[in-house]
Amino acid sequence: MNTPSYPDSQDSDSHRKWNELLQEMRVMQTGVQILAAFLVVLPFQARFDILNRPEEMIYIALLIAATLLILLMITPVAVHRYFFGQRLKDQTVQLGHIVLKIVGIGVGLLVSGCVWFVLQVLFGWQLGAWVGGSLVVVTLFLLLALPRILIPSHARESGD
């Protein structure tokens, strides 16, 4: 098996990080696309007619959020394509890292928001608020707090 040779270890590290980012994007992409598809077809369902104006506005916000997340998710790839061959891999990887952190949190909040929306339409605002609010709190804990709690001690000491 031929392994590509790179001029230095920094290039090799950038390529490895880029490949890891692509794998992470692939994992998130399918879920976001399925959720966006669900939101796109929702108005064509018979029960969609029972929504009141505030619920319609929430639906529109969720649909726009799903669209923006898909666009944001493909941004690093578009930037990589634009700068391909210009030896800007480190900058592209850094952009991808930042974008994926934002997308990860956004996907968690979008999924929580969609569950909240469905529950409040089916069972009312009170249940929707309790379950949806709880999901938002769990989402923020899992995606923001937990990674900081799990930082290895050697990373805390070195300041990484």
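Note that the coordinates shown come from a computational prediction; the quantities given were computed from them, not determined experimentally.

Looking at the element boundaries, Leu39 is found in helix 1 (residues 9-41). Judged by its relative accessible area of 0%, Leu39 falls in the buried class. Beyond its immediate sequence surroundings of up to four residues, Leu39 is in contact with Tyr59, Leu62, Leu63, Ala66 and Cys114.

Next up on the list: the packing of helix 2 (residues 53-82) against helix 3 (residues 89-123). Where helix 2 contacts helix 3, the two axes come as close as 9 Å, and the packing angle between them is 160 degrees. By the angle class used here, helix 2 and helix 3 are roughly antiparallel. Crossing of helix 2 over helix 3 shows left-handed handedness. Here the contact of helix 2 with helix 3 is built from residues that sort into 20 nonpolar, six polar and two charged.

So, on to the packing of helix 3 against helix 4 (residues 125-149). Following both chains from N to C, one finds helix 3 and helix 4 inclined at 170 degrees, their axes separated by 8 Å at the closest point. The orientation of helix 3 with respect to helix 4, classified from their angle, is roughly antiparallel. Crossing hand, helix 3 versus helix 4: right-handed. Taking contact as the criterion, the partners of Gly104, Ile105, Gly108, Leu109, Ser112, Val115, Trp116, Leu119, Gln120 and Phe123 in helix 3 are, on helix 4, Trp125, Leu127, Gly128, Ala129, Val131, Gly132, Leu135, Val136, Thr139, Leu140, Leu143 and Leu144. Classifying every residue of the contact of helix 3 with helix 4 gives 15 nonpolar, seven polar and no charged.

With that settled, the discussion passes to the packing of aromatic side chains. By convention here, two paired aromatic rings are described through the distance between centres and the angle between planes. Inspection of every chain in the model, using the stated rule, returns two aromatic pairs. Judged by centre distance (5.6 Å) and plane angle (65 degrees), the ring pair of Trp116 and Trp125 falls under edge-to-face.

With 25 residues, helix 4 extends 33 Å from end C-alpha to end C-alpha; this agrees with the ideal 36 Å at 1.5 Å per step. At Leu142, helix 4 shows its strongest bend, of approximately 35 degrees. When we look at burial in helix 4, the residues that qualify are Gly128, Gly132 and Thr139. On the buried face of helix 4, the contacting elements are helix 3.

For the rest of this paragraph, the subject is a nonpolar patch on the surface. On the surface, Leu109, Val138, Leu140, Phe141, Leu142, Leu143, Leu144, Ile149 and Leu150 cluster together into a nonpolar patch covering about 740 Å² of accessible area. With seven residues, the single largest contributor to the nonpolar patch is helix 4. Within the secondary structure, Ile149 is located in helix 4.

Moving on, we get to helix 2. With 30 residues, helix 2 should reach 44 Å at 1.5 Å per residue; the first-to-last C-alpha distance of 42 Å fits that figure. The sharpest bend along helix 2 reaches about 35 degrees and sits at Thr75, with the proline Pro76 one to four residues further on. Buried within helix 2 we find Glu55, Ile58, Tyr59, Leu62, Ala66, Leu69, Met73, Pro76 and His80.

Moving on: the pattern of salt bridges. Where side chains of opposite charge bring their charged atoms close, a pairing between them can arise. Here the structure, examined in full by the defined rule, presents three salt bridges. Linking Arg53 and Glu56 is a salt bridge whose minimum nitrogen-to-oxygen distance equals 3.1 Å. Residue Arg53 and its partner Glu56 are both found in helix 2; the two are separated by three residues, about one turn of the helix. Linked through salt bridges whose partners overlap, the residues forming this network are Asp13, Arg16 and Glu20.

Procedures and definitions
Every chain is numbered independently, its residues counted from 1 as its sequence is written. The predicted nature of this model means local features are confined to residues of pLDDT at least 70 and side-chain atom pairs, given and counted, to a pLDDT of 80 or more, with totals for whole chains, interfaces and linings taken over all residues. Note that the side-chain values use all heavy atoms of the structure and ignore hydrogens as well as water. Only runs of H or I of at least four residues qualify as helices and only runs of E of at least two qualify as strands under DSSP, and these elements are numbered from the N terminus. Relative accessibility under 20% of the residue-type maximum defines a buried residue, over 50% an exposed one, and the middle range a partly exposed one, all with a 1.4 Å probe and only protein chains included. Contact criterion: two residues are considered in contact whenever any of their non-hydrogen atoms come within 4.5 Å of each other. Throughout, an axis means a line fitted to C-alpha atoms (over the contacting stretch in the case of helices), and angles, computed between N-to-C directions, take values from 0 to 180 degrees. What sets the label is the angle itself: under 35 degrees gives roughly parallel, over 145 gives roughly antiparallel, 65 to 115 gives roughly perpendicular, and the rest give oblique. Working rule for handedness: look at the near helix, and if it is turned counterclockwise from the far one by less than a right angle, call the crossing left-handed; if clockwise, right-handed. Note on residue categories: nonpolar means Ala, Val, Leu, Ile, Met, Phe, Trp, Tyr, Cys or Pro, charged means Asp, Glu, Lys or Arg, and polar means any other residue, Gly included. Between the rings of Phe, Tyr and Trp (Trp by its six-membered ring), a pair exists once the centres lie within 6.5 Å; its type follows the angle of the planes, with under 30 degrees stacked, over 60 edge-to-face, and the other angles tilted. Given a helix with a known number of residues, its expected span is that number minus one, times 1.5 Å. Working definition for bend: take the seven residues up to and ending at a residue and the seven starting at it, fit an axis to each, and measure the angle between the axes. The patches described consist of residues with a relative accessible area above 30% and no salt bridge, like charges being joined within 9 Å and nonpolar side chains (Val, Leu, Ile, Met, Phe, Trp, Tyr) within 5 Å. Note on areas: Shrake-Rupley, 1.4 Å probe, and residue coverage restricted to the protein chains presented here. Any Lys or Arg side-chain nitrogen found within 4 Å of a carboxyl oxygen on Asp or Glu counts as a salt bridge.

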